[in-house]
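Examining the three-dimensional arrangement
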Amino acid sequence: MPKTALITGGAGFLGSYLCDRFLAEGFKVICMDNLITGSLSNISRLESNPNFTFINHDVSKHIDIKEPIDYVLHFASPASPIDYLKYPIQTLKVGSLGTHNALGVAKEKKARFLLASTSEIYGDPQIHPQPESYYGHVNCIGPRGVYDEAKRFAEAITMAYHKAHGLDTRIVRIFNTYGPRIRKQDGRAIPNFISQALKNEPITVYGKGDQTRSFCYVSDLIEGIFLLSQSDIHDPVNIGNPVELKIIDMAKKIIKMTGSKSKIIHNPLPQDDPKVRQPDITKAKKLLNWNPKIDLEQGLKETIEWFKY
Ligand code: UDP
């Protein structure tokens, strides 16, 4: 009998790659999504696969599935700053009520549970790079607080289910990720810059652009998450690419790689925008034998090609 994985947020950018990966590993996949930020176009090629089922459902509401489930991968949530500003209550609900419901399914089905957490739980970090042992620096009532605190609660309740109910849990802290299928209007730096560059429109760098991020190509991230799902590590694990760069340098790189005529303009820096971000991946390297393979040049090339169509 093939094992079954329930993937919440399965029609989103990362969720859809997880659907692909678990199907390729011989799983049956139930993809659950309410499509507020996910899209059917991400999973349309899977419709005819007999091992794939899509359920349009908001995981913040009770989840009722009759069949056995072996894995619950909880990836449902708005994840771009403009999305969680647009959907603050849904973001808080999916991280809290949604995580509680997804854990409930895992407990009832005796399934393994994997939570998609985030580097946002470190907030605007005062320790650099960020190891898993860092507790973070988050403004709970700031504009990003709805996402950061929901994910911090999600980690807390996941660990509580592990400790109190013996649930078999995993927590991945995902750092900035990019690649084909990221929404073109997603509002994040790479999709904005590529879309603007391809149209020769101004590139909108927020602030001076000296804030840093470290960008991981999607195939590397999915490999790390799959390895974590097959490991026996219950504590959180950072997955991301530690190559760090300034946002202004990312803008220049994308202008160069697209051969664009775009000029850089500077818009106001959003409140609480983290000044630096870089994963310490010592733990993932050592315990999962994982290392990102795709460099920025290659990853951007693939992504730019995808944006052209
Ligand atoms: N950013 C920018 N211009 C944009 C979009 C984002 O300068 O059009 C900046 C943003 O202020 C942040 C960085 O790029 O410092 C990464 O932002 P993103 O929204 O991609 O993700 P975050 O890491 O902040 O969650």
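Below is a summary of the structure that appears in this document.

Comments concerning the nonpolar core
- If you look at the biggest cluster of nonpolar residues, it comprises 59 residues, and the most contacted ones within it are F22, F75 and M250.
- Every residue in contact with F22, bar those within four places of it in the chain, is listed here: A5, F27, V29, Y71, L73, F226 and S229.
- Membership of the second largest hydrophobic core comes to 23 residues, among which are I30, I63, L115 and L167.

A short note on the site of the ligand
- Taken together, 18 residues lie around the ligand, and T204, Y206, R213, D273 and R277 are the ones closest in.
- One nitrogen or oxygen atom from the side chain of D273 is found 2.5 Å from an oxygen atom belonging to the ligand.
- Relative to its unbound accessible surface of 510 Å², the ligand loses 96% to contact with the protein.
- If you list the elements that add at least two residues to the shell around the ligand, you get helix 5 (189-198) and strand 8 (203-206).

Remarks on the pattern of salt bridges
- This structure, assessed with the given rule, holds 20 salt bridges.
- For D186, the salt bridge identified is with R188, shortest N-O distance 2.5 Å.
- One salt bridge in this structure joins D273 and R213, with 3.0 Å as the shortest N-O distance. Remark: R213 occurs in strand 9 (residues 212-214) and D273 occurs in the loop between strand 13 (264-267) and helix 8 (282-288); sequence separation between them is 60 residues.
- With relative accessibility at 13%, the residue D273 sits in the buried group.

What to know about the side chain of T169
- Looking at the element boundaries, T169 is found in strand 6 (residues 169-174).
- Judged by its relative accessible area of 0%, T169 is buried.
- Other than its neighbours up to four places away in sequence, T169 contacts F113, T158, H162, I233 and H234.

Structural notes on helix 5
- Summarising burial for helix 5: eight of the 10 residues are buried, a large majority.
- Among the residues of helix 5, I190, P191, N192, F193, I194, S195, Q196 and A197 are the ones counted as buried.
- Against strand 7 (177-178), strand 8, helix 7 (247-258) and helix 9 (296-307) lie the buried residues of helix 5.
- Directly after helix 5, the chain includes N200, whose backbone phi takes a positive value near 55 degrees.

Here we look at the environment of S119
- Positionally, S119 belongs in the loop between strand 5 (112-118) and helix 4 (145-165).
- Between the C-alpha atoms of S119 and R173, which are 54 residues apart in sequence, the distance is 5.6 Å.

Points about unusual backbone geometry
- With an omega of -10 degrees, the peptide bond between H128 and P129 qualifies as cis.
- Residue placement: P129 occurs in the loop between strand 5 and helix 4.
- Phi at N289 takes a positive value of approximately 55 degrees, unusual for a residue other than glycine.
- Tracing the backbone shows N289 in the loop between helix 8 and helix 9.

Notes on the packing of helix 7 against helix 9
- Where helix 7 meets helix 9, the axes come as close as 11 Å, and the angle between the chain directions of the two elements is 60 degrees. In terms of their interaxial angle, helix 7 and helix 9 are classed as oblique. Here the hand of the crossing between helix 7 and helix 9 comes out right-handed. Here M250, K253, I254, M257 and T258 of helix 7 come into contact with helix 9, specifically with L296, E297, L300, K301 and I304.

Brief notes about the sheet that holds strand 3 (residues 52-56)
- The sheet built from seven strands is open, its strands ordered 3-2-1-4-5-6-11 with parallel pairing. Two strands lie at the open edges of the sheet, namely strand 3 and strand 11 (237-239), each paired on one side alone. Across the sheet, the mean angle separating the axes of adjacent strands is 20 degrees when strand polarity is ignored.
- In terms of strand pairing, strand 5 meets strand 6 through six bridges, oriented parallel. Note on strand 6: the bridge partner recorded for F113 is T169.
- Sheet strands touched by helix 3 (residues 88-109): strand 1 (4-8), strand 4 (71-74) and strand 5. Its angle to strand 4, the strand with the most contacts, is close to 175 degrees.

Here we look at the packing of helix 3 against helix 4
- Interhelical geometry of helix 3 versus helix 4 gives an angle of 15 degrees and a closest axis separation of 8 Å. What the angle tells us is that helix 3 and helix 4 run roughly parallel. Between helix 3 and helix 4 the crossing geometry is right-handed. Every residue of helix 4 that contacts helix 3 at P88, T91, L92, G95, S96, T99, H100, L103, G104 and K107 is listed here: V146, Y147, A150, F153, A154, I157, T158, Y161 and H165.
- In the contact of helix 3 with helix 4, the residues fall into 10 nonpolar, eight polar and one charged.

Calculation rules
Residues numbered from 1 in each chain as written. Predicted model: local features only at pLDDT ≥ 70, side-chain atom pairs only at ≥ 80, totals over all residues. Heavy atoms only, no water. Core = buried A, V, L, I, M, F, W, Y, C linked by side-chain atoms within 4.5 Å. Buried < 20%, exposed > 50% of the residue type's maximum accessible area, 1.4 Å probe, protein only. Contact = heavy atoms within 4.5 Å. Near = heavy atom within 4 Å. Polar contact = N/O pair within 3.5 Å; in protein donor to acceptor, adjacent residues only side chain to side chain. Areas by Shrake-Rupley, 256 points an atom, 1.4 Å probe, with all protein chains shown as cover. Helix = DSSP H or I, 4+ residues; strand = E, 2+ residues; numbered from the N terminus. Salt bridge = Lys/Arg side-chain N within 4 Å of Asp/Glu carboxyl O. Axes fitted to C-alpha atoms, helices over the stretch in contact; angles between N-to-C directions. Parallel < 35°, antiparallel > 145°, perpendicular 65-115°, else oblique. Left-handed = near helix turned anticlockwise from the far one by under 90°. Pairing = 2+ DSSP bridges. Nonpolar A, V, L, I, M, F, W, Y, C, P; charged D, E, K, R; others polar.

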